[in-house]
Amino acid sequence: MSTSLAFTSPSSYATPLLAVFAVDNSNTPKATAEPALLTQDAAIVAAASSFLTSGEFKAESGGTLLLHAPAGLKAERLLIVGLGKASKLSAAEVRKGAGTAIRTAKTKCIRSVAIAAPIADTLDAAATARALAEGILLANFDADTYRSDREDKSMQSVAVLAESVDHNTIASGFAEGEVFADAQNFARSLVNEPGNVLTPTELGKRAAAMCAEHGLSCEVHSTAKLKELGMGAFLGVAQGSVEPPALIVMRYTPATKSNNNVVALVGKGITFDTGGISIKPADGMDKMKYDMAGAAAMIGAMQAIAALKPTVEVIGVVCSAENMPSGSAYKPGDVLTAMSGKTIEVMNTDAEGRLVLADGLHYAKTLGATHLIDAATLTGACVVALGKLNSGLFSNDEATLEAFQGAVKATQESFWHLPCTDDYRDLIVSDIADIRNTGMDRWGGAITAAMFLKEFVGDTPWVHLDIAGQAWIDETRTYIAKGPSGVAVRSIVEWVRALAR
Ligand code: BES
Ligand code: ZN
Ligand code: ZN
């Protein structure tokens, strides 16, 4: 798809479909809707006026109205996209609205679209331009690459038409949005790959190719190096599979640094999680190809970081393995010695993500990390606690937590803070080793997992994201297709940028 930004009047732009946004100016929930277009283009207002006054279209969020051959416009069709109440208008609504325009066009096999940038006093020009780019690119993604009857409905060209005078602000916001969304889509494409294609070795190759293309350095290690480093926890998980593990280390070094921070992004990259000897039930096991979504988020984030060039050092560490039952697999009752020297009693081989991350987090510290963030599809318990609309957010440091929450405000993703205070530590005490890899019972399982990771983090400021509930979407939402969501990529990148200040 090619995207472009043009500073021109939307009504004089020839296109198969022109999308324009509308809000509802009425204030109370029960009041009659007062839809109004967010454009200053008089020809569009005239073309749409009878529909806006007819009461058929209320400009509700996600609502659309399609007019053919609109009078006075060069466009063949005019699509009015609702952004909801004017009083609640935000960049998040714009992202969703731009996405809705693209998804609507896709269902009609219209592959070339123009979108009139919304004009409203309450919208920030740069944030709006960024949200438009993100909405367009994220909505264009579909996870049907393996269907042989696949009809390519992806966009060929999308033009954003801006009427404002603030060209530079809009252009840089738009370019930034493209970087964020490309990174998120790259993560989605990795998560979408089946386990037989995307082995740990293949994930290493894809990460290395991205790094080579974007000017990052990258090393991919396997069993020998893991043994040399003493990564007993990571190796324990990997030993049941014929597929060798991959430790992927990506590095971004800025031309100039604002501070001595070294930010490490650590991702869980289980390319398939059968549960191992503590095998999972057959129902739904196919979904466990997405158990590398944390790794994909970090690889995607590194791509965006390479493009945005924040003035802070960043290291990406991905721990990738396949969790399989076999004659060589690790077993419940085994004791593993992690790279940090801590001994771990394995109670359940299905709690493997925390084991690979234990060594990944410790390793990142030995590389000099001053700030740590990990992302992982870590626990079903987190999905039980929060459902599928929020990911779990844990931290050991107030300031770091606040910085991450600030980043989330800018990206409008959804994370919910959960505790991992020391009073929960009893959950992971073992009789025969330093710690055990599951709790005594099933309560608070997302917290147990976070407490386990915290053992390997020490005093280093750290954020842990449990994305099990959000990394895969079962039903297409207004503008995000069902399948891999690419959650967390944008917030992680935004947080890294905050640490550069
Ligand atoms: N990969 C799973 C967690 C998961 C569950 C991700 C559902 C996405 C959707 C993880 O490795 C796992 O199996 N965790 C166990 C931990 C338990 C054995 C303590 C779980 O959540 O059941
Ligand atoms: Zn598991
Ligand atoms: Zn897992």
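Please refer to the structure placed before this passage.
Rules used throughout
For every chain, the first residue of the written sequence is number 1, and numbering continues from 1 along that sequence. Both sets of labels track the order of writing: A upward for chains, 1 upward for ligands. Residue-level local features of this predicted model are given only where pLDDT is at least 70; pairs of side-chain atoms are given and counted only at 80 or more, and the full residue set underlies all totals for whole chains, interfaces and linings. Working from all heavy atoms in the structure, the side-chain values ignore hydrogens and water. Water is not among the atoms examined, so metal sites may look incomplete; donors are the N, O and S atoms within 2.8 Å of the metal, or within 3.2 Å for Na, K and Ca. All geometry calls rest on donor angles, where a four-donor set with angles between 85 and 135 degrees is tetrahedral, four- and six-donor sets with opposite donors more than 155 degrees apart and all others between 65 and 115 are square planar and octahedral, and all else is irregular. Put simply, a nonpolar core is a bunch of buried Ala, Val, Leu, Ile, Met, Phe, Trp, Tyr and Cys residues held in one set by side-chain atoms that sit within 4.5 Å of each other. Residue exposure (1.4 Å probe, protein chains only): buried if accessible area is under 20% of the type maximum, exposed if over 50%, otherwise partly exposed. To count as a disulfide, a pair of cysteine sulfur atoms needs to be within 2.5 Å. What counts as a helix is a DSSP run of H or I of at least four residues, what counts as a strand is a run of E of at least two, and both are numbered from the N terminus. By convention, a stacked pair of Phe, Tyr or Trp rings (six-membered ring in the case of Trp) has centres within 6.5 Å and planes under 30 degrees apart, an edge-to-face pair has planes over 60 apart, and any other such pair is tilted. Ring-over charges, as used throughout, are those where CZ of Arg or NZ of Lys falls within 6 Å of the ring centre and within 35 degrees of the ring normal. For two strands to be treated as a pair, DSSP must find no fewer than two bridges joining them. Proximity is defined per residue: if any heavy atom of the residue lies within 4 Å of a molecule or strand, that residue is considered near it. Any pair of nitrogen or oxygen atoms within 3.5 Å is treated as a polar contact; in protein, a donor-acceptor pairing is required on top of that, and neighbouring residues in sequence qualify only through side-chain atoms on both sides. Only the protein chains shown count as cover for residues, with accessible areas throughout obtained via the Shrake-Rupley method and a probe of 1.4 Å. Think of it as three bins: nonpolar holds Ala, Val, Leu, Ile, Met, Phe, Trp, Tyr, Cys and Pro, charged holds Asp, Glu, Lys and Arg, and polar takes everything else, Gly as well. Whenever a carboxyl oxygen of Asp or Glu lies within 4 Å of a side-chain nitrogen of Lys or Arg, that contact is scored as a salt bridge.

Q: Residue-level account of the coordination of the zinc ion (ligand 3), with values.
A: Reference geometry at the metal: tetrahedral coordination by four donors gives ideal angles of 109.5 degrees; octahedral coordination by six donors gives 90 or 180 degrees. Donor atoms from the polypeptide that coordinate the zinc ion (ligand 3) comprise K268 (NZ), D273 (OD), D291 (OD) and E352 (OE), at 2.0 to 2.4 Å from the metal. Classification of the site at the zinc ion (ligand 3) rests on its six donor atoms, whose angles at the metal span 78 to 174°, yielding the label octahedral. For the zinc ion (ligand 3), the single-chain donor residues occur in sequence as K-x4-D-x17-D-x60-E.

Q: Explain the nonpolar core residue by residue, including any values.
A: One finds L265, L465 and I492 to be the most contacted residues of the largest nonpolar core, which totals 59 residues. One finds L226, L235, I270 and Y330 within the second-largest nonpolar core, a separate group that totals 51 residues.

Q: Outline the state of the cysteines, listing residues and values.
A: Summed over the entire model, instances satisfying the criterion amount to zero disulfides. Of all cysteine sulfurs in the structure, the one in C420 sits closest to C382, which takes part in no disulfide; the separation is 12 Å.

Q: Describe the environment of E228, listing the residues and the values that go with them.
A: Among the structural elements, E228 can be located in helix α6 (residues 223-229). In the structure, E228 is positioned 111 residues away from M339 in sequence and 9.9 Å away in space, judged by C-alpha atoms.

Q: Give me the lowdown on the coordination of the zinc ion (ligand 2), citing residues and values where you can.
A: The protein atoms donating to the zinc ion (ligand 2) are D273 (OD), D350 (O), D350 (OD) and E352 (OE), with metal-donor distances spanning 2.0 to 2.2 Å. On the primary sequence, the residues serving as donors to the zinc ion (ligand 2) are separated as D-x76-D-x1-E. Between the two metals, the zinc ion (ligand 2) and the zinc ion (ligand 3), the spacing is 3.2 Å, and D273 donates to both. Placement of D273 in strand β10 (residues 262-273) and of D350 in the loop between β13 (343-345) and α9 (353-366) is noted, with a sequence separation of 77 residues between them. By relative accessible area, which is 2% here, D273 ends up buried.

Q: How would you explain the packing of aromatic side chains if you had to name every residue and give the values?
A: A full pass over the atoms with the stated rule returns four aromatic pairs. Between F452 and F456, the aromatic rings sit 5.4 Å apart at their centres with planes inclined by 45°, giving tilted as the arrangement. Taking the relative accessible area as the measure of exposure, F452 reaches 0% and is therefore buried. Linked through ring pairs, F404, F415 and W495 together constitute an aromatic cluster. It is R130 that lies over the ring of F180; its NZ or CZ is 3.9 Å from the centre. One cation-aromatic arrangement involves K342 over F456; the distance from NZ or CZ to the ring centre is 5.9 Å.

Q: Please set out the sheet that holds β13 residue by residue, giving values where relevant.
A: If you walk across this open sheet you meet the three strands as β12-β13-β17, and the pairing is mixed. On the outer flanks of this sheet lie β12 (335-337) and β17 (435-436), each paired with one strand and no other. Relative to β17, β13 is paired through two bridges, and the arrangement is parallel. When the bridges of β17 are listed, E345 appears paired with R436.

Q: Would you mind going over the site of ligand 1 in detail, with residue names and values included?
A: Lining the immediate surroundings of ligand 1 are 16 residues, of which K280, D291, D350, E352 and G380 lie closest. Between an oxygen atom of ligand 1 and a side-chain N or O atom of K268, the distance comes to 3.2 Å. Considering ligand 1 on its own, with 510 Å² of exposed area, one finds that the protein chains cover 77% of that surface. Here the residues of the shell around ligand 1 are counted per class, giving four nonpolar, five polar and seven charged.

Q: Tell me about the pattern of salt bridges, and name the residues and values.
A: Following the criterion strictly, the structure yields 28 salt bridges and no others. The partner of E494 in a salt bridge is R130, and the shortest N-O contact between them spans 2.8 Å. On the criterion of sequence distance, the pair formed by E494 in helix α13 (residues 489-499) and R130 in helix α3 (residues 125-139) is long-range, its members being 364 residues apart. For R130, a relative accessible area of 10% gives the class buried. In this structure, K454 and D422 form a salt bridge, with 2.6 Å as the shortest nitrogen-oxygen distance. A residue pair is termed long-range when its members are at least 10 positions apart, and K454 in helix α12 (residues 445-454) and D422 in the loop between β16 (415-417) and β17 qualify at 32 residues. Since its relative accessible area comes to 18%, K454 is described here as buried.

All we've got here are geometric facts, nothing functional implied.
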